[in-house]
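One letter stands for each residue in the lines below.
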Amino acid sequence: AQTVTQSQPEMSVQEAETVTLSCTYDTSESDYYLFWYKQPPSRQMILVIRQEAYKQQNATENRFSVNFQKAAKSFSLKISDSQLGDAAMYFCAYRSAYTSGSARQLTFGSGTQLTVLP
Amino acid sequence: DAGITQSPRHKVTETGTPVTLRCHQTENHRYMYWYRQDPGHGLRLIHYSYGVKDTDKGEVSDGYSVSRSKTEDFLLTLESATSSQTSVYFCASREIDNSPLHFGNGTRLTVT
(Lines give C-alpha, C1' and ligand atoms only; values in the text may rest on other atoms or scores of the structure.)
Protein backbone atom coordinates (compact mmCIF):
# COMPACT_ATOMS: atom_id res chain seq x y z
CA ALA A 1 0.00 0.00 0.00
CA GLN A 2 1.09 3.51 -0.70
CA THR A 3 1.84 5.94 2.10
CA VAL A 4 2.22 9.70 2.07
CA THR A 5 4.19 11.54 4.75
CA GLN A 6 4.13 15.20 5.60
CA SER A 7 6.70 15.70 8.32
CA GLN A 8 5.88 19.35 9.07
CA PRO A 9 2.61 19.60 11.04
CA GLU A 10 2.91 23.40 11.15
CA MET A 11 4.80 26.06 9.28
CA SER A 12 4.74 29.83 9.14
CA VAL A 13 5.88 32.35 6.58
CA GLN A 14 6.07 36.10 6.43
CA GLU A 15 3.78 37.76 3.93
CA ALA A 16 5.50 38.18 0.52
CA GLU A 17 8.15 35.59 1.40
CA THR A 18 8.57 32.08 -0.03
CA VAL A 19 7.81 28.86 1.81
CA THR A 20 8.30 25.21 0.90
CA LEU A 21 6.12 22.40 2.24
CA SER A 22 7.56 18.91 2.21
CA CYS A 23 5.97 15.64 1.16
CA THR A 24 7.43 12.18 0.68
CA TYR A 25 5.66 9.07 -0.46
CA ASP A 26 6.27 5.39 -0.70
CA THR A 27 5.20 3.33 -3.67
CA SER A 28 6.39 0.47 -5.83
CA GLU A 29 4.50 1.75 -8.84
CA SER A 30 6.10 3.64 -11.69
CA ASP A 31 3.08 5.56 -12.91
CA TYR A 32 1.02 7.72 -10.61
CA TYR A 33 -0.27 11.20 -9.87
CA LEU A 34 0.61 13.56 -7.06
CA PHE A 35 -1.50 16.43 -5.79
CA TRP A 36 -1.46 19.31 -3.36
CA TYR A 37 -4.79 20.33 -1.86
CA LYS A 38 -5.50 23.44 0.19
CA GLN A 39 -8.08 23.47 2.97
CA PRO A 40 -8.90 26.93 4.34
CA PRO A 41 -10.97 27.39 7.51
CA SER A 42 -14.12 27.05 5.42
CA ARG A 43 -13.23 23.31 5.18
CA GLN A 44 -13.44 23.35 1.40
CA MET A 45 -10.85 21.15 -0.32
CA ILE A 46 -9.24 23.05 -3.17
CA LEU A 47 -6.90 21.47 -5.70
CA VAL A 48 -3.75 23.57 -5.88
CA ILE A 49 -1.53 21.64 -8.27
CA ARG A 50 -1.15 18.23 -9.89
CA GLN A 51 1.88 16.34 -11.18
CA GLU A 52 1.99 13.29 -13.41
CA ALA A 53 4.87 10.99 -12.52
CA TYR A 54 5.81 10.38 -16.15
CA LYS A 55 6.43 14.10 -16.68
CA GLN A 56 9.91 15.28 -15.75
CA GLN A 57 8.93 18.92 -15.84
CA ASN A 58 7.75 20.30 -12.52
CA ALA A 59 4.18 21.59 -12.50
CA THR A 60 3.54 25.29 -11.92
CA GLU A 61 0.35 27.22 -11.21
CA ASN A 62 0.94 30.94 -10.79
CA ARG A 63 2.68 31.38 -7.41
CA PHE A 64 2.60 27.65 -6.68
CA SER A 65 5.21 25.24 -7.99
CA VAL A 66 6.43 21.80 -7.10
CA ASN A 67 9.80 20.13 -6.88
CA PHE A 68 9.17 16.56 -7.98
CA GLN A 69 12.05 14.17 -7.32
CA LYS A 70 10.85 10.77 -8.53
CA ALA A 71 13.91 8.78 -7.47
CA ALA A 72 13.80 10.28 -4.01
CA LYS A 73 9.99 9.97 -3.87
CA SER A 74 9.72 13.58 -2.85
CA PHE A 75 7.09 16.12 -3.86
CA SER A 76 7.45 19.53 -2.23
CA LEU A 77 5.25 22.57 -2.75
CA LYS A 78 6.75 26.02 -3.05
CA ILE A 79 4.57 29.07 -2.49
CA SER A 80 6.11 32.29 -3.70
CA ASP A 81 5.10 35.79 -2.66
CA SER A 82 2.95 34.38 0.15
CA GLN A 83 -0.38 36.09 0.75
CA LEU A 84 -2.65 36.14 3.78
CA GLY A 85 -5.15 34.11 1.79
CA ASP A 86 -2.65 31.27 1.49
CA ALA A 87 -3.09 30.47 5.18
CA ALA A 88 -4.65 27.01 5.28
CA MET A 89 -4.03 23.34 5.86
CA TYR A 90 -2.18 21.81 2.92
CA PHE A 91 -2.48 18.14 2.04
CA CYS A 92 -0.25 16.14 -0.24
CA ALA A 93 -1.97 13.22 -1.98
CA TYR A 94 -1.07 10.26 -4.16
CA ARG A 95 -3.09 8.33 -6.70
CA SER A 96 -2.09 5.34 -8.72
CA ALA A 97 -2.38 5.59 -12.49
CA TYR A 98 -3.78 2.07 -12.55
CA THR A 99 -7.53 2.08 -12.66
CA SER A 100 -8.65 -1.13 -11.03
CA GLY A 101 -10.42 -1.29 -7.70
CA SER A 102 -9.17 0.84 -4.85
CA ALA A 103 -6.34 2.18 -6.99
CA ARG A 104 -8.77 4.87 -7.98
CA GLN A 105 -8.62 6.43 -4.52
CA LEU A 106 -6.46 9.26 -3.25
CA THR A 107 -4.08 8.58 -0.36
CA PHE A 108 -3.51 11.69 1.73
CA GLY A 109 -0.75 12.86 4.00
CA SER A 110 -1.58 14.16 7.46
CA GLY A 111 -1.36 17.80 6.43
CA THR A 112 0.71 20.90 7.12
CA GLN A 113 -0.95 23.91 8.74
CA LEU A 114 0.46 27.05 7.12
CA THR A 115 0.26 30.39 8.90
CA VAL A 116 1.01 33.58 6.99
CA LEU A 117 2.28 36.41 9.18
CA PRO A 118 1.49 40.01 8.17
CA ASP B 1 -17.51 22.79 -6.14
CA ALA B 2 -18.78 20.78 -9.12
CA GLY B 3 -22.26 20.90 -7.59
CA ILE B 4 -21.60 18.59 -4.65
CA THR B 5 -23.86 19.11 -1.68
CA GLN B 6 -23.48 17.38 1.64
CA SER B 7 -26.18 17.31 4.29
CA PRO B 8 -26.32 18.00 7.09
CA ARG B 9 -23.39 20.35 7.55
CA HIS B 10 -23.27 19.69 11.28
CA LYS B 11 -24.80 16.94 13.39
CA VAL B 12 -24.63 15.90 17.00
CA THR B 13 -25.90 12.46 17.89
CA GLU B 14 -25.75 10.01 20.75
CA THR B 15 -23.80 6.78 20.91
CA GLY B 16 -25.76 3.85 19.54
CA THR B 17 -28.05 5.82 17.26
CA PRO B 18 -28.10 5.34 13.49
CA VAL B 19 -26.91 8.23 11.35
CA THR B 20 -27.12 8.82 7.61
CA LEU B 21 -25.08 11.41 5.80
CA ARG B 22 -26.11 12.47 2.34
CA CYS B 23 -24.10 13.47 -0.69
CA HIS B 24 -25.72 14.83 -3.83
CA GLN B 25 -23.90 15.77 -7.02
CA THR B 26 -25.33 17.38 -10.12
CA GLU B 27 -22.44 16.68 -12.50
CA ASN B 28 -23.37 13.14 -13.47
CA HIS B 29 -20.00 11.94 -12.16
CA ARG B 30 -19.51 8.20 -12.22
CA TYR B 31 -17.21 7.86 -9.22
CA MET B 32 -18.10 8.97 -5.69
CA TYR B 33 -16.20 8.68 -2.43
CA TRP B 34 -16.63 9.11 1.29
CA TYR B 35 -13.63 10.22 3.35
CA ARG B 36 -13.23 11.05 7.01
CA GLN B 37 -10.81 13.68 8.23
CA ASP B 38 -9.15 13.44 11.62
CA PRO B 39 -6.25 15.39 13.11
CA GLY B 40 -2.94 13.73 12.36
CA HIS B 41 -4.46 11.40 9.77
CA GLY B 42 -5.41 13.61 6.87
CA LEU B 43 -8.31 12.18 4.88
CA ARG B 44 -8.94 8.45 4.87
CA LEU B 45 -11.21 6.61 2.47
CA ILE B 46 -14.26 4.93 3.98
CA HIS B 47 -16.12 3.64 0.93
CA TYR B 48 -16.33 4.47 -2.72
CA SER B 49 -18.63 3.84 -5.65
CA TYR B 50 -17.83 3.35 -9.31
CA GLY B 51 -21.43 3.31 -10.49
CA VAL B 52 -25.01 2.83 -9.41
CA LYS B 53 -25.17 -0.06 -6.93
CA ASP B 54 -21.43 -0.66 -7.37
CA THR B 55 -19.57 0.11 -4.16
CA ASP B 56 -16.45 -1.06 -2.41
CA LYS B 57 -14.65 -0.64 0.89
CA GLY B 58 -11.85 1.75 1.65
CA GLU B 59 -9.24 1.58 4.37
CA VAL B 60 -11.52 2.54 7.30
CA SER B 61 -14.86 0.94 6.38
CA ASP B 62 -15.65 -0.83 9.67
CA GLY B 63 -18.88 0.49 11.18
CA TYR B 64 -19.98 2.18 7.95
CA SER B 65 -22.17 1.20 5.05
CA VAL B 66 -23.05 3.01 1.84
CA SER B 67 -25.70 2.95 -0.81
CA ARG B 68 -25.94 4.41 -4.28
CA SER B 69 -29.33 3.92 -5.89
CA LYS B 70 -28.95 6.86 -8.29
CA THR B 71 -25.95 8.37 -10.01
CA GLU B 72 -26.34 11.64 -8.14
CA ASP B 73 -26.77 10.33 -4.59
CA PHE B 74 -24.31 8.55 -2.31
CA LEU B 75 -25.38 7.84 1.26
CA LEU B 76 -23.12 6.99 4.17
CA THR B 77 -24.73 5.21 7.13
CA LEU B 78 -23.40 4.63 10.60
CA GLU B 79 -25.60 1.80 11.84
CA SER B 80 -24.79 2.42 15.49
CA ALA B 81 -22.68 5.52 16.03
CA THR B 82 -19.67 5.38 18.35
CA SER B 83 -17.54 8.17 19.78
CA SER B 84 -14.64 7.07 17.55
CA GLN B 85 -16.75 8.09 14.57
CA THR B 86 -16.70 11.71 15.65
CA SER B 87 -15.05 13.31 12.63
CA VAL B 88 -15.48 15.53 9.62
CA TYR B 89 -16.84 13.58 6.66
CA PHE B 90 -16.19 14.56 3.08
CA CYS B 91 -17.89 13.39 -0.04
CA ALA B 92 -16.08 13.63 -3.36
CA SER B 93 -16.81 12.79 -6.96
CA ARG B 94 -14.98 12.36 -10.23
CA GLU B 95 -16.14 12.07 -13.81
CA ILE B 96 -13.56 9.62 -15.17
CA ASP B 97 -10.44 8.07 -13.80
CA ASN B 98 -8.01 10.83 -14.71
CA SER B 99 -10.23 13.80 -13.97
CA PRO B 100 -9.83 15.93 -10.84
CA LEU B 101 -11.55 14.95 -7.63
CA HIS B 102 -14.21 17.44 -6.52
CA PHE B 103 -15.13 17.70 -2.85
CA GLY B 104 -18.21 18.73 -0.94
CA ASN B 105 -17.88 21.08 2.02
CA GLY B 106 -17.93 18.38 4.64
CA THR B 107 -20.19 17.29 7.49
CA ARG B 108 -18.98 17.67 11.05
CA LEU B 109 -20.38 14.76 13.07
CA THR B 110 -20.11 14.64 16.84
CA VAL B 111 -21.07 11.46 18.67
CA THR B 112 -21.61 12.03 22.39
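In the block above lies the structure referred to throughout.
Residues numbered from 1 in each chain as written. Chains lettered and ligands numbered in written order. Predicted model: local features only at pLDDT ≥ 70, side-chain atom pairs only at ≥ 80, totals over all residues. Heavy atoms only, no water.

K.L.:
Explain the overall build of chain B to me, and be specific about the residues and the numbers.
P.N.:
A count of helical and extended segments in chain B gives zero helices and eleven strands. Starting at the N terminus and walking to the C terminus, you meet the elements of chain B as β-β-β-β-β-β-β-β-β-β-β. Here the C-alpha atoms of chain B give a radius of gyration of 13 Å, agreeing with the 13 Å that 2.2 N^0.38 yields for 112 residues. For chain B, the C-alpha atoms occupy an extent of roughly 40 × 25 × 25 Å along the three principal directions. The buried share of chain B, taken over its 112 residues, is 50%. (Helix = DSSP H or I, 4+ residues; strand = E, 2+ residues; numbered from the N terminus. Rg over C-alpha atoms; globule rule 2.2 N^0.38 Å. Buried < 20%, exposed > 50% of the residue type's maximum accessible area, 1.4 Å probe, protein only.)

K.L.:
So what's going on with the sheet that holds strand β1 (residues 4-7) of chain B? Which residues, and what values?
P.N.:
Residues and elements named next belong to chain B. Pairing is antiparallel across the open sheet formed by four strands, whose spatial order is β1-β3-β8-β7. Since the sheet does not close on itself, it has two edges, and those belong to β1 and β7 (64-70), each with one partner. Across the sheet, the axes of successive neighbouring strands diverge by a mean angle of 20°, strand direction being ignored. Pairing of strand β3 (residues 19-25) with strand β8 (residues 73-78), which is carried by six bridges, proceeds in the antiparallel orientation. Note on β8: the bridge partner recorded for His24 is Asp73. (Pairing = 2+ DSSP bridges. Axes fitted to C-alpha atoms, helices over the stretch in contact; angles between N-to-C directions.)

K.L.:
Quick rundown of the environment of Gly109 of chain A? Include the residues and the values.
P.N.:
For Gly109 of chain A, the location among the structural elements is in the loop between β11 (107-108) and β12 (112-117). Separated by 16 residues in the primary sequence, Gly109 of chain A and Ala93 of chain A place their C-alpha atoms 6.1 Å from one another. Apart from the residues lying within four places of it in its own chain, the contact partners of Gly109 of chain A are Val4, Gln6, Phe91 and Cys92 of chain A together with His41, Gly42 and Leu43 of chain B. (Contact = heavy atoms within 4.5 Å.)

K.L.:
Go over the packing of aromatic side chains, please, and point to the residues and values.
P.N.:
This structure, assessed with the given rule, holds 17 aromatic pairs over all chains. Seen from their ring centres, Tyr35 of chain B and Phe103 of chain B are 6.2 Å apart, and the 45° between their planes marks the pair as tilted. Placement of the pair is Tyr35 of chain B in strand β4 (residues 31-38) and Phe103 of chain B in strand β10 (residues 102-103), with a sequence separation of 68 residues. Residue classification places Phe103 of chain B among the buried positions, given a relative accessible area of 1%. Summarising the aromatic geometry, the rings of Phe90 of chain B and Phe103 of chain B are spaced 6.3 Å apart at their centres and angled 85° between planes, so their arrangement reads as edge-to-face. In this pair, Phe90 of chain B sits in strand β9 (residues 87-94) while Phe103 of chain B sits in strand β10, placing the two residues 13 residues apart along the sequence. Members of the aromatic cluster, joined through ring pairs, are Phe35, Tyr37, Phe91 and Phe108 of chain A together with Tyr33, Tyr35, Tyr48, Tyr50, Phe90 and Phe103 of chain B. (Phe/Tyr/Trp six-rings, centres within 6.5 Å; stacked < 30°, edge-to-face > 60°.)

K.L.:
Lay out unusual backbone geometry with the relevant residues and their values.
P.N.:
The step from Ser7 of chain B to Pro8 of chain B runs through a cis peptide bond, and the omega angle for that step is -5°. Secondary-structure assignment places Pro8 of chain B in the loop between β1 and β2 (10-13). A positive phi angle, near 55°, is found at Lys73 of chain A, a position not held by glycine. Among the structural elements, Lys73 of chain A can be located in the loop between β8 (64-69) and β9 (74-79). The exposure class assigned to Lys73 of chain A is partly exposed, which follows from its relative accessible area of 27%. One non-glycine residue, Lys53 of chain B, lies in positive phi territory at about 65°.

K.L.:
Break down the state of the cysteines for me, with residues and values.
P.N.:
Under the criterion given, the structure shown has two disulfides over all chains. With its sulfur 2.0 Å from that of its partner, Cys23 of chain A forms a disulfide with Cys92 of chain A. Residues Cys23 of chain A and Cys92 of chain A are joined through a disulfide that is left-handed, its torsion about the S-S bond being -70°. Taken together, the positions of Cys23 of chain A in the loop between β3 (19-21) and β4 (24-26) and Cys92 of chain A in strand β10 (residues 88-96) put the pair 69 residues apart, joining distant regions of the chain. What makes Cys23 of chain A buried here is its relative accessible area of 1%. At a sulfur-sulfur separation of 1.9 Å, the disulfide partner of Cys23 of chain B is Cys91 of chain B. Between Cys23 of chain B and Cys91 of chain B, the S-S dihedral sits near -75°, and the bridge is therefore left-handed. With Cys23 of chain B in strand β3 and Cys91 of chain B in strand β9, this pair connects stretches of sequence that are 68 residues apart. We note that Cys23 of chain B, like Cys91 of chain B, is buried. (Disulfide = S-S within 2.5 Å.)

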